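Structural characterization, general
Listed here are the chains, written in short residue letters.
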Amino acid sequence: MIVNILLCDTFPGLFPPSIPSYVSMFDKVFKSVAANIEIRVFNAYQGELPDTLHSDEIYLIGGCRLSAYDDVAWIKQMINWIRQAYEVKLKLIGICFGHQIIAQALGGKVSRSPKGWGIGIPNMYPNMRDT
């Protein structure tokens, strides 16, 4: 099985030492289920998205410090890509920003949380909240 991670942010300096990178967190989770899973990373925040869409693969859109409705070129590009992926019935997984941008792309309403931006469990990792 192939899992394509569409990386929307790297969150430098926000993870504890036990998590070397955002991608490593997903790699560890998927490989705990099946060691033979192949992970491919696309730097969506730099405009890199899969050119070829494969219905037998999974596409995971991760978190981001930006919002799905921000007026940023790569976000607009991602929204168009999601619409194409939806049309051909790809397997999409959205994590945090990922599920928001999927909703935004498909006609849902996305708005800012009154609690502000956060990642993980704020009480365990208070330095991960944007205050």
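The structure we're discussing is the one just above.
This text gives an overview of the structure that appears in the document. (Residues numbered from 1 in each chain as written. Predicted model: local features only at pLDDT ≥ 70, side-chain atom pairs only at ≥ 80, totals over all residues. Heavy atoms only, no water.)

1. A short note on the overall build of the protein
In terms of regular secondary structure, the protein is built from three helices and four strands. Out of the 131 residues in the protein, the part that is buried amounts to 36%. Sequence separation of at least 24 residues holds for 68% of the intrachain contacts in the protein that already meet a minimum separation of 6. Only carbon and sulfur atoms are counted for the fraction: they give 54% of the accessible area of the protein, which is about 7800 Å². (Helix = DSSP H or I, 4+ residues; strand = E, 2+ residues; numbered from the N terminus. Buried < 20%, exposed > 50% of the residue type's maximum accessible area, 1.4 Å probe, protein only. Contact = heavy atoms within 4.5 Å. Areas by Shrake-Rupley, 256 points an atom, 1.4 Å probe, with all protein chains shown as cover.)

2. A short note on the side chain of Glu57
With respect to the helices, strands and loops of the structure, Glu57 is situated in the loop between strand E2 (38-43) and strand E3 (58-61). Side chain to side chain, Glu57 and Asn4 meet in a polar contact 2.8 Å long. Not counting the four nearest positions on each side in its chain, Glu57 is found in contact with Ile2, Asn4, Arg40 and Lys91. (Polar contact = N/O pair within 3.5 Å; in protein donor to acceptor, adjacent residues only side chain to side chain.)

3. Looking at the packing of helix H2 (residues 73-87) against helix H3 (residues 97-105)
Taken N-terminus to C-terminus, the directions of H2 and H3 make an angle of 70°; their axes are 9 Å apart at the nearest point. By the angle class used here, H2 and H3 are roughly perpendicular. Relative to H3, H2 is oriented so that their crossing is right-handed. Facing Trp74, Ile75, Met78, Ile79, Ile82 and Arg83 of H2, the residues of H3 in contact are Phe97, Ile101, Ile102, Gln104 and Ala105. Here the contact of H2 with H3 is built from residues that sort into nine nonpolar, one polar and one charged. (Axes fitted to C-alpha atoms, helices over the stretch in contact; angles between N-to-C directions. Parallel < 35°, antiparallel > 145°, perpendicular 65-115°, else oblique. Left-handed = near helix turned anticlockwise from the far one by under 90°. Nonpolar A, V, L, I, M, F, W, Y, C, P; charged D, E, K, R; others polar.)

4. Points about the sheet that holds strand E4 (residues 91-94)
Reading across from one edge, E2-E1-E3-E4 is the order of the four strands in this open sheet, with parallel pairing throughout. Both outer strands of the open sheet, E2 and E4, are each paired with one neighbouring strand and no more. Between one strand axis and the next, the sheet turns by 25° as a mean value, whatever way the strands run. Examined bridge by bridge, strand E1 (residues 2-7) and E2 share six bridges and lie parallel to one another. Each residue of the ladder has a partner; that of Leu6, found in E2, is Phe42. Helix H1 (residues 22-33) rests against E1, E2 and E3 of the sheet, and its axis sits at about 160° to E1. (Pairing = 2+ DSSP bridges.)

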